[in-house]
Amino acid sequence: MRSGDPALILLVGAAVVIAAIVAARLAHQIGLPGLLLFLGLGLALGEAGLGVRFSNAGLAQALGLSALVLILAEGGLTTSWAHARAAAPAALLLATVGVVVSTGIVAVVCHWLLSLAWRDALLLGAVLAPTDAAAVFSVLRKLPLPPRLAGMLEAESGLNDPPAVLAVTLLSGAGSHPSVPGLIGGIVVYELAAGAAIGLLAGLLGVFTLRRVALPASGLYPIAVLALIVASYGAASLAHASGFLAVYVAALLLGNMRLPHGPATRGFAEGIAWLAQIGLFVMLGLLASPARLPGAVVPALVAGSVLVLVARPAAVIASTLPLRVPWRQQAFLSWAGLRGAVPIVLATIPMSAQLPGATGLFDLVFVAVVVFTLLQGPTLPWVARRLGVITPAEPLEVDVEAAPLEAIPADLLQAQIPPGSRLHGVEIFELRLPADANVALIVRDARGFVPDASTTLRAGDRLLVVAAAEARERTERRLRAVSRGGRLAGWFGEHGR
């Protein structure tokens, strides 16, 4: 069988994906971000393992940025705006002021300790500045953190990519930007503002269209949402704006609006993001050369220690002190700034631009990400407990999926009651749904039955609710309110918003 045979390519590709899924399961059990095992899989397939050779930095950059678009899209779609709203000011400061402070401190210290030229030191600081959405989400979403604290970390990981990408591109000379210092600030402001505006327009267009167009198959809704998000990246890039910011804003808007088949869309995006992560990390593992990595260990430990112990805490303090964030949360924010694929992908930009020393920078960043993710990831639960930032498990919010009924102006809502929801024990009449909405069927223990007003709901029940189109949003709000506040949700001022 020839090496270029499509059947062989598909077989090997499927085997790699299956191996990566098994690795992700193992990583989850031991509390590690899966990226470490994916990188290890890439190294095992590479020149020192099975002999697969991959050294095209330009292709790696293109594929890496494409994968980051999909990963960032999933991050935006699955981020709850209700949680992120209170954290937005701190996240914005961490993504802007924090990136500047972190870049500056790493550059100054590494200029002296590692004898780097100023541009190389600044480039190293900019590459290491952003946290990684995939790494942050994979670890933090398993911890019962206060919504504001979790929102800070999640939103920061989505928002700090654009400033870092712009900084690395400018320092690498890989773009068409002028070198006049006075113009750089204006360019950065334009790219961020235009990227946010394009993402907002793409999101609003998606909401307006998908709410009014009944697609012939439910599986088309996730594809349409993801296509709109990717289109926002392309449109922003053509306008010389920040494509990553456009992606995150569009995804955040689409993920928090009530659209048909919302849970299915988020599930589809999560699956695509996992596939992108697997491909991305395996590719980056292939790009790394094990023979070169030992020489990067000492400088990587120096740069990583400066980043984790000095630069990150200083960036957190500078960004959150004006907002009076408690010191315990500041300490956790400092330790939870996980790095992952983003710094490694950014390190391919100077390689693609063929800057002197770019290969050494890539090796340094690769080793630093592996070592400090291995150090920080598994210790986050312990650190959270020691700092007392973990909150008791809160009742989980019910997830409502809507599908349009074509022949009549009505919607069929599906809601499954999760463990811990305060819908458990509530009787149907206590839901106090709008008059033009009704629980038509309950599926319990794989058996469906039509409830009456006195039927008591249980955790694990799946509800089918028929609601007139104009009552759909009120029905969803009420179900979510009772899920969080119980049968007395209205008395406590809980309206599901």
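This text goes with the structure placed above it.
Here is a short report on the structure shown in this document. (Residues numbered from 1 in each chain as written. Predicted model: local features only at pLDDT ≥ 70, side-chain atom pairs only at ≥ 80, totals over all residues. Heavy atoms only, no water.)

### Quick notes on the packing of aromatic side chains
Okay, step 1: For the coordinates displayed, the defined rule picks out two aromatic pairs.
Okay, step 2: With a centroid separation of 5.6 Å and an interplanar angle of 70 degrees, the aromatic rings of Tyr-233 and Phe-244 are classed as edge-to-face. One end of the pair, Tyr-233, is in helix 10 (residues 220-238); the other, Phe-244, is in helix 11 (residues 243-256), and eleven residues separate them in sequence.
Okay, step 3: For Tyr-233, a relative accessible area of 22% gives the class partly exposed.
Okay, step 4: On the basis of relative accessible area, Phe-244 is assigned to the buried category, the value being 4%.
Okay, step 5: Geometrically, the ring pair formed by Phe-362 and Phe-366 is tilted, given 6.2 Å between the ring centres and 35 degrees between the ring planes. Of the two residues, Phe-362 and Phe-366 both sit in helix 16 (residues 358-376), four residues apart, roughly one turn of that helix.
Okay, step 6: Its relative accessible area of 0% is what places Phe-362 among the buried residues. (Phe/Tyr/Trp six-rings, centres within 6.5 Å; stacked < 30°, edge-to-face > 60°. Helix = DSSP H or I, 4+ residues; strand = E, 2+ residues; numbered from the N terminus. Buried < 20%, exposed > 50% of the residue type's maximum accessible area, 1.4 Å probe, protein only.)

### A short note on unusual backbone geometry
Most peptide bonds are trans, and most residues other than glycine sit at a negative phi.
Okay, step 1: Despite not being glycine, His-240 shows a phi value in the positive range, around 55 degrees.
Okay, step 2: The exposure class assigned to His-240 is exposed, which follows from its relative accessible area of 53%.
Okay, step 3: In this model, Ala-446 sits at a positive phi of 65 degrees, which is unusual for a non-glycine residue.
Okay, step 4: Within the secondary structure, Ala-446 is located in the loop between strand 3 (437-444) and strand 4 (447-449).
Okay, step 5: Classification of Ala-446 by relative accessible area gives exposed; the value is 82%.

### Re the nonpolar core
Okay, step 1: Counting residues in each nonpolar core, the largest one holds 83 residues, and the members touching the most others are Leu-68, Leu-124, Leu-280 and Val-365.
Okay, step 2: Filtering out sequence-adjacent residues up to four positions away, Leu-280 remains in contact with Gly-64, Ala-67, Leu-68, Ile-71, Ala-341 and Val-345.
Okay, step 3: The next biggest cluster of nonpolar side chains, apart from the first, holds 27 residues, and it includes Ala-135, Leu-153, Trp-335 and Val-383. (Core = buried A, V, L, I, M, F, W, Y, C linked by side-chain atoms within 4.5 Å. Contact = heavy atoms within 4.5 Å.)

### Focus on the pattern of salt bridges
Two side chains with opposite charge may pair up if their charged atoms get near one another.
Okay, step 1: Within the structure shown, the criterion is met by seven salt bridges.
Okay, step 2: Two residues, Glu-473 and Arg-211, come together in a salt bridge whose shortest N-O distance is 3.9 Å. Of this pair, Glu-473 sits in helix 18 (residues 472-485) while Arg-211 sits in the loop between helix 9 (181-210) and helix 10, and the two are 262 residues apart along the sequence.
Okay, step 3: You can call Glu-473 partly exposed: its relative accessible area is 35%.
Okay, step 4: Note on Arg-211: relative accessible area 38%, which makes it partly exposed.
Okay, step 5: Asp-461 is the partner of Arg-444 in a salt bridge, and the nearest nitrogen-oxygen pair spans 2.7 Å. On the criterion of sequence distance, the pair formed by Arg-444 in strand 3 and Asp-461 in the loop between strand 4 and strand 5 (462-468) is long-range, its members being 17 residues apart.
Okay, step 6: The buried category is assigned to Asp-461, whose relative accessible area is 1%. (Salt bridge = Lys/Arg side-chain N within 4 Å of Asp/Glu carboxyl O.)

### Concerning the side chain of Ser-102
Okay, step 1: Structurally, Ser-102 can be placed in helix 4 (residues 81-113).
Okay, step 2: The buried category is assigned to Ser-102, whose relative accessible area is 3%.
Okay, step 3: Contacts of Ser-102, omitting those with residues within four sequence positions, involve Ala-129, Leu-307, Ala-311, Ala-315 and Arg-339.

### Considering the environment of Gly-285
Okay, step 1: Tracing the backbone through its elements, the reader meets Gly-285 in helix 12 (residues 262-287).
Okay, step 2: Separated by 245 residues in the primary sequence, Gly-285 and Gly-40 place their C-alpha atoms 6.5 Å from one another.
Okay, step 3: Dropping the residues within four chain positions of it, Gly-285 is found in contact with Leu-39, Gly-42, Leu-43 and Phe-366.

### Describing helix 3 (residues 57-77)
Okay, step 1: Spanning 21 residues, helix 3 covers 30 Å between terminal C-alpha atoms, matching the ideal 30 Å at 1.5 Å per step.
Okay, step 2: With 15 of its 21 residues buried, helix 3 lies for the most part within the structure. (Expected span 1.5 Å × (residues − 1).)

### Brief notes about the packing of helix 7 (residues 147-159) against helix 8 (residues 161-172)
Okay, step 1: Running from N to C, helix 7 and helix 8 cross one another at 30 degrees; their axes reach a closest spacing of 5 Å. Taken together, the axes of helix 7 and helix 8 lie roughly parallel to each other. Along its contact with helix 7, which presents Ser-157, Gly-158 and Leu-159, the element helix 8 presents Asp-161, Pro-162 and Pro-163.
Okay, step 2: Looking at the contact of helix 7 with helix 8, its residues break down into three nonpolar, two polar and one charged. (Axes fitted to C-alpha atoms, helices over the stretch in contact; angles between N-to-C directions. Parallel < 35°, antiparallel > 145°, perpendicular 65-115°, else oblique. Nonpolar A, V, L, I, M, F, W, Y, C, P; charged D, E, K, R; others polar.)

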